[in-house]
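What follows is the residue order along each chain.
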Amino acid sequence: MKIALAPEALDQLFRTARTPNGWTDTPLEDEMIYQLYDLMKWGPTASNTCPARFVWVRSPEGKSLLASVAMPPNRPKILAAPLTVIIGNDLGFSETLPKLVAPERVPMVLGMLKAHEGMTESMAMRNGSLQGAYLILAARALGLDCWPMSGFDNAGVDREFFAGTQIQSNFLCSFGYADTQAVHPRSPRLTFAEAGRFA
Ligand SMILES: Cc1cc2nc3c(=O)[nH]c(=O)nc-3n(C[C@H](O)[C@H](O)[C@H](O)COP(=O)(O)O)c2cc1C
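Note that this is a predicted model, so its numbers are computed, not measured.

### Let's talk about helix 8 (residues 154-161)
Part 1: Buried within helix 8 we find G156, V157, D158 and F161.
Part 2: Buried-residue contacts for helix 8 involve strand 1 (52-57), helix 3 (60-68), strand 2 (83-90) and strand 4 (167-176).
Part 3: At the N-terminal end of helix 8, a side-chain oxygen is found 3.1 Å from the backbone nitrogen of A155, two or three residues along, and the residue is D153.

### Re the sheet that holds strand 4
Part 1: Taken together, four strands build an open sheet; the order of strands is 1-2-4-3 and the sheet is antiparallel. The sheet is open, and its two borders are formed by strand 1 and strand 3 (145-149), each paired with just one other strand. Mean inter-strand twist for the sheet, computed between neighbouring axes without regard to direction, equals 25°.
Part 2: Sheet topology places strand 1 next to strand 2; six bridges connect them, and they run antiparallel. Bridging from a neighbouring strand, A52 pairs with N89 of strand 2.
Part 3: Running over the sheet, helix 8 touches strand 1, strand 2 and strand 4 and is turned about 90° from strand 4.

### Side note on the site of the ligand
Part 1: Residues in close proximity to the ligand include R18, T19, N74, K77, W147, P148, M149, S150, G151, R186 and R189, which together make up its full environment.
Part 2: Within the side chain of K77, an N or O atom sits 2.6 Å from an oxygen atom of the ligand.
Part 3: Take G151: an N or O atom from its main chain is 3.0 Å from an oxygen atom of the ligand.
Part 4: Notes on the ligand: free accessible area 630 Å², of which the protein chains cover 61%.
Part 5: With three residues, strand 3 is the largest single contributor of residues to the shell around the ligand.
Part 6: Tallied by class, the residues present in the shell around the ligand amount to three nonpolar, four polar and four charged.

### Considering unusual backbone geometry
Part 1: Unlike most non-glycine residues, N48 shows phi in positive territory, near 60°.
Part 2: Residue classification places N48 among the partly exposed residues on the basis of a relative accessible area of 33%.

### Structural notes on the nonpolar core
Part 1: In this structure, L135 and F175 are the most contacted members of the largest nonpolar core, which totals 19 residues.
Part 2: When residues of this core are traced back to their parent elements, those giving at least two are helix 2 (30-40), strand 1, strand 2, helix 7 (119-141) and strand 4.
Part 3: Non-local contacts of F175, meaning those with residues more than four positions away in its chain, are made with W23, L28, L36, P82, L83, V85, L135, A139, D145 and C146.
Part 4: Judged by nonpolar contacts, the second largest core, of 17 residues, contains A67, A70, W147 and V157.

### Looking at the side chain of R53
Part 1: Position of R53 among the secondary structure elements: in strand 1.
Part 2: Using a relative accessible area of 18% as the deciding quantity, one classes R53 as buried.
Part 3: Here D90 takes part through its side chain, which lies 3.3 Å from a polar atom of the side chain of R53.
Part 4: Within the local environment of R53, its side chain forms a polar contact with the side chain of T96, the two groups lying 3.3 Å apart.

### Details of the layout of surface pockets
Part 1: A volume near 230 Å³ is recorded for the largest pocket.
Part 2: Lining the largest pocket are 14 residues, with R18, T19, R140, R186 and R189 positioned closest to its centre.
Part 3: Broken down by class, the residue content of the lining of the largest pocket amounts to five nonpolar, four polar and five charged.
Part 4: Roughly 190 Å³ of volume is contained in the second largest pocket.
Part 5: Lining the second largest pocket are Y37, K41, W42, G43, N48, C50, A52, R53, F54, L100 and Q131.
Part 6: Of the residues belonging to the lining of the second largest pocket, the class tally is six nonpolar, three polar and two charged.

Parameters at a glance
- Residues numbered from 1 in each chain as written.
- Predicted model: local features only at pLDDT ≥ 70, side-chain atom pairs only at ≥ 80, totals over all residues.
- Heavy atoms only, no water.
- Buried < 20%, exposed > 50% of the residue type's maximum accessible area, 1.4 Å probe, protein only.
- Helix = DSSP H or I, 4+ residues; strand = E, 2+ residues; numbered from the N terminus.
- Contact = heavy atoms within 4.5 Å.
- Polar contact = N/O pair within 3.5 Å; in protein donor to acceptor, adjacent residues only side chain to side chain.
- Pairing = 2+ DSSP bridges.
- Axes fitted to C-alpha atoms, helices over the stretch in contact; angles between N-to-C directions.
- Near = heavy atom within 4 Å.
- Areas by Shrake-Rupley, 256 points an atom, 1.4 Å probe, with all protein chains shown as cover.
- Nonpolar A, V, L, I, M, F, W, Y, C, P; charged D, E, K, R; others polar.
- Core = buried A, V, L, I, M, F, W, Y, C linked by side-chain atoms within 4.5 Å.
- 1 Å grid on protein atoms, 1.4 Å probe; cavity = no way out; pocket = protein on both sides within 12 Å on 5 of 7 lines; lining within 4 Å.
- Points joined across faces, edges and corners; volume = space filled by probe spheres on them.

Following this line, the structure appears as structure tokens:
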């Protein structure tokens, strides 16, 4: 039987975790980036399709290119972040199925995708977004701060970073160590009753 994580761990993942509004100079080591991927990859996806693909943007040239296709308010944020990850959905995810799914199940999944129009796109978006969320929580579990961003030109990002592939950008997320002095006041969340009901 598993036990709940300690209250401090729940704080770090959710209750006191904040979206930053500035970064410290503390660098993000390669080891941390690999650890981050190796933790998030275990999050579940439908039929284990794992459709998210990641571009880890950290070079000055990469940051400038990404900033050039972001909405103006997000440009300085990308330039200042130690790392910004482009999270994309691979519409060609069926090509990696043989590695990810038991051989006897591959024809079933491929058949399902073929039979239902739009299912490839919806599976890629749903499961790719989940993987992006796992990335945020994995980062918080490792003590990093995360700044997700959807204010950018998807077509521009796809042109500059995913040309010649079937990958479509979903959202961006910057990672590093937050300047805690800079954060905005915390906004409230909906209560249980406001957000849902029993049935
Ligand atoms: C999918 C997504 C897109 C976002 N897009 C932007 C953005 O384009 N620019 C920005 O500055 N913040 C962006 N944010 C940050 C949110 O505004 C922030 O996470 C939210 O207000 C919660 O803040 P808190 O974690 O400090 O409570 C985005 C967050 C998410 C999850």
